[in-house]
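What follows is each chain in one-letter form.
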Amino acid sequence: MSADCIFCKIAIGDIPSKKIYEDEDIIVINDIHPIAPVHFLIVPKLHIESLLSCEEQHQTLLGKMLRLAPQLAKEQGLPGFRTMINTGHEGGQEVFHLHMHVFGGGNKLPKT
Ligand code: 5GP
Ligand code: ZN
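## Focus on the environment of Leu41
Inspection of the secondary structure puts Leu41 in strand E3 (residues 38-44). By relative accessible area, Leu41 is classed as buried at 4%. Note: C-alpha distance between Leu41 and Cys54 (13 residues apart in sequence) is 18 Å. Discounting residues that sit within four places of it in the chain, Leu41 has contacts with Phe7, Ile27, Val28, Ile29, Asp31, His99, Met100 and His101.

In structure tokens, the structure reads:
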């Protein structure tokens, strides 16, 4: 838990949100500013700043995040989807609590 972190606050319920999935390690929420018809965020409850801060001990958690993407995409009826993890300022990261974007629901995603 990091005191100023928006995703930590959402994870512990300090900021109310509609979670589309939750277990002991992970929450999944719809992005507040979606850029695709379906756009959700897979967020570990543990405060990890970014992929740059991940270590061997986080391997299982990272695998779990990846496995959740197709599971939740299927539940939402998506035949395919795109994932994105912005990492560091240079990588376009704005919220410094690790999260994976999942996009789908249309064929308007840019090709790169
Ligand atoms: P990134 O750090 O990967 O650039 O993106 C952060 C994402 O979090 C953005 O797409 C932004 O719309 C989303 N976001 C920022 N604050 C909130 C929030 O309070 N609730 C939700 N659901 N999404 C948020
Ligand atoms: Zn956090």
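After that view, the rundown keeps rolling.
## Things to note about the site of ligand 1
The immediate surroundings of ligand 1 are formed by 16 residues, with Asp31, Glu94, Val95, His99 and His101 found nearest. Measuring from a nitrogen atom of ligand 1, one finds a backbone N or O atom of Ile32 at 3.3 Å. At 2.9 Å, a backbone N or O of Gly92 approaches an oxygen atom of ligand 1. Here ligand 1, which alone exposes 520 Å², has 83% of that area covered by the protein. When each cavity is represented as a set of grid points, ligand 1 is found to reside in the largest pocket. Counting residues per element, the ones that place at least two in the shell around ligand 1 are helix H1 (6-12) and strand E2 (26-30).

What counts and what doesn't
Residues numbered from 1 in each chain as written. Chains lettered and ligands numbered in written order. Predicted model: local features only at pLDDT ≥ 70, side-chain atom pairs only at ≥ 80, totals over all residues. Heavy atoms only, no water. Helix = DSSP H or I, 4+ residues; strand = E, 2+ residues; numbered from the N terminus. Buried < 20%, exposed > 50% of the residue type's maximum accessible area, 1.4 Å probe, protein only. Contact = heavy atoms within 4.5 Å. Near = heavy atom within 4 Å. Polar contact = N/O pair within 3.5 Å; in protein donor to acceptor, adjacent residues only side chain to side chain. Areas by Shrake-Rupley, 256 points an atom, 1.4 Å probe, with all protein chains shown as cover. 1 Å grid on protein atoms, 1.4 Å probe; cavity = no way out; pocket = protein on both sides within 12 Å on 5 of 7 lines; lining within 4 Å. Sits in = over half its atoms within 2 Å of the grid points.

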